[in-house]
Amino acid sequence: MTQHVTRSASGSPDRPYDELDISSRAFWSTSADVREKTFSLLRERGTVTWHPPFQEQLLEDPDDYGFWAVTRYDDLVEVTKRHEDFLSGPGILMENLPAELVEAAQSIIGMDPPRHTKMRRLVAAAFTPKQMRRIDDRIQANARMVVDDLEKALERDGGQTDFVAECAELLPMHNINDIMGVPDGQRQQAAHEMKVGTSWNDPEFVGETKEEVLGRLFQAMTFSHGLATSLAGERRENPTEDLISSLAHAEVDGETLTDEEIGAFFVLLTIAGNDTTRQSTTHGLRALTDYPAQRAWLLDDLEERMPDAVEEIVRWATPIMTFRRTAGRDCQLAGQQITEGDKVVMFYSSANRDESRIERPHELDLSRHPNPHISFGGGGIHHCLGNQLARFQLKALFTELLTRLPDLQAGEPELTPGNFLNVVKRMSCWRQS
Amino acid sequence: MKVHIDTTRCTGHGLCEAVAEDIFEVGDDGMAHLLADPDADRRGEVDQAVAECPTRALSASG
Ligand code: HEM
Ligand code: SF4
């Protein structure tokens, strides 16, 4: 569903690169704190900077000479809002992946108007604040259930267990699948396949060789599309109240959606709905462990303080580290001449630490208010569809966790290498007392 | 003050609702609706919502 296919190369061989490295695998295998040292230097350049393509990609593109790095807060907001200059259709990842895979996975996040406008409308109503208030009881019940499960796992495993598998990844999985209408059993499989689908830089999930990796990624995509197609088929026969039903019956310009379109929506919602919230919860528990005084402040008035705390946890975690745009025409950005076809990569983690817009950005301050973080995007047409769902879930989960297990501690997070999602693969947890 | 919502542009992001939830609400049709004609003293928030709407669906007059 890419409407604007920009054929121009990204950059040219004679445009000089910035000397700081943000393109190597080594850089993306360090921690966010280490990377921030480089980003802070790039922000000091006072403009956007030009860098070589990400190293040793799955697909090498001979026309790809690099990308502009958007590291400052104001520039990120500007790129986000200038959707006519900076397109999503040509792809939204920093890396090149096979077109068929991208097509099968990105749906609206890789569309530009007018198609984006029409397709986003089909799902908007399912994620409004009004709708979230209606399903809040269900979200809270799911939060109670996953904390029940965590307590059992702690007991089963002798007091120490994996927080990611036993808690963090379960809540968003249940909630997004309740909304979409994916039955228990199948939702676990879909979540697992999409974990594979986003781990293309992690041999543990996808193997070592390019062939293995591509094979495994295609397998994950085929599974998810198959599931979406069969569920949509059932709902065409027997409509229900869920999102798959409304997609199965929706029309755009007088035509119903194809199975491929429904499948791509399903994959996007599964990835966007699972991983990001999981990262926020995990990085959040780690932050509460690293900063006991902040935890104590929150525990003092959980209900009143939770909304601000959630915003700061989402800033701190910055679950999505990068999204890309592609210049649809020649234009200026932060004083630089941008050429049609240039890749422009936004670094959310950097903008969230930009001292010009966030005071004391390196401090976790759960009472921060207002908190103008851009974890959900810089306020453009692709602004996170699930931002209210994420906020409701995080409120429900941290309230439940800190009420029942106020002394829960987190171990060292084990990170998945990559430049897209800030993924914690595993992180042990235990009660202090 | 009169606020106009262009429903051919609005995609229900709710950024307007985040600015002033007692003025704007995204409804079950996935479009923003006015909960009330805002008083003149809410001009600042309305202008902010107009400026922040990513699809330029909002305008205010009077
Ligand atoms: C803390 C959790 C989350 C974070 C940090 C996050 C972050 C983001 C970001 C940065 C964008 C792109 C914004 C832009 O390009 O301007 C986005 C888009 C999106 N998010 Fe989220 N997200 C989260 C949770 C969710 C959830 C729970 C869902 C489930 C529905 C979701 C669904 C989407 C979708 C569908 C888009 C694409 C929207 C479009 O292209 O119009 N997100 N999100
Ligand atoms: S911000 Fe604009 S597009 Fe979004 S809901 Fe409000 S009026 Fe509609």
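Residues numbered from 1 in each chain as written. Chains lettered and ligands numbered in written order. Predicted model: local features only at pLDDT ≥ 70, side-chain atom pairs only at ≥ 80, totals over all residues. Heavy atoms only, no water.

In the annotation of an unreviewed UniProt entry, the entry for chain B reads Ferredoxin, and the organism field reads Pseudonocardia ammonioxydans. In its Cofactor (unreviewed entry) section, the UniProt record describing chain B reads: "[3Fe-4S] cluster". (UniProt positions renumbered as here; feature names shortened; annotations may be inferred.)

An unreviewed UniProt entry annotates chain A as Cytochrome P450 originating from Pseudonocardia ammonioxydans.

S.K.: Got a minute to help me understand the pairing of strand β7 (residues 322–327) of chain A in this structure?
M.R.: Taken residue by residue, a regular strand's side chains alternate between the two faces of the sheet. Residue and element names in this part refer to chain A. Counting buried residues along β7, 6 of its 6 residues qualify, which places the element largely inside the surrounding structure. Residues of β7 alternate between two faces, with Thr 322, Arg 324 and Thr 326 on one and Phe 323, Arg 325 and Ala 327 on the opposite face, all of them buried. Strand direction decides the pairing type here: strand β3 (residues 86–87) and β7, joined by 2 bridges, are antiparallel. Within β7, the position partnered with Phe 86 by the bridge is Ala 327. Two strands pair when backbone bridges link them, and β7 and strand β10 (residues 343–347) are joined in this way by 5 bridges, in the antiparallel orientation. Directly across from Thr 322, in β10, lies its bridge partner Phe 347. (Buried < 20%, exposed > 50% of the residue type's maximum accessible area, 1.4 Å probe, protein only. Helix = DSSP H or I, 4+ residues; strand = E, 2+ residues; numbered from the N terminus. Pairing = 2+ DSSP bridges.)

S.K.: I tried to follow the sheet that holds β7 of chain A on my own but got confused; where do I start?
M.R.: Sheet strands pair by backbone hydrogen bonding; their relative direction is either parallel or antiparallel. Residue and element names in this part refer to chain A. Spatially, β1-β2-β10-β7-β3 is the arrangement adopted by the 5 strands of the open sheet, whose pairing is mixed. The open sheet is flanked by β1 (49–51) and β3, the only strands paired with a single partner. Across the face of the sheet, helix α3 (residues 73–81) comes into contact with β2 (67–70), β3, β7 and β10 while running at roughly 130 degrees to β10. (Contact = heavy atoms within 4.5 Å. Axes fitted to C-alpha atoms, helices over the stretch in contact; angles between N-to-C directions.)

S.K.: Could you clarify how one ought to interpret the site of ligand 2 in this entry?
M.R.: Within the structure, ligand 2 sits among 13 residues, and Cys 10, His 13, Gly 14, Cys 16 and Cys 53 of chain B are positioned closest to it. Residues that form the shell around ligand 2 fall into these classes: 8 nonpolar, 5 polar and no charged. (Near = heavy atom within 4 Å. Nonpolar A, V, L, I, M, F, W, Y, C, P; charged D, E, K, R; others polar.)

S.K.: When you look at the sheet that holds strand β11 (residues 408–410) of chain A in this model, what are you seeing that I'm missing?
M.R.: All names here are of chain A. The 3 strands lie next to each other as β4-β14-β11, forming an open sheet whose pairing is antiparallel. Sheet topology places β4 (160–162) and β11 at the edges, where each strand pairs with a single neighbour. Put simply, the sheet's adjacent strands are angled 30 degrees from each other on average, direction ignored. Each of β4, β11 and β14 (428–431) is contacted by helix α6 (residues 129–156), which is oriented at about 125 degrees to β4, the strand it contacts most. The sheet contacts of helix α13 (residues 259–290) involve β11 and β14, and relative to β11 the element is tilted by about 100 degrees.

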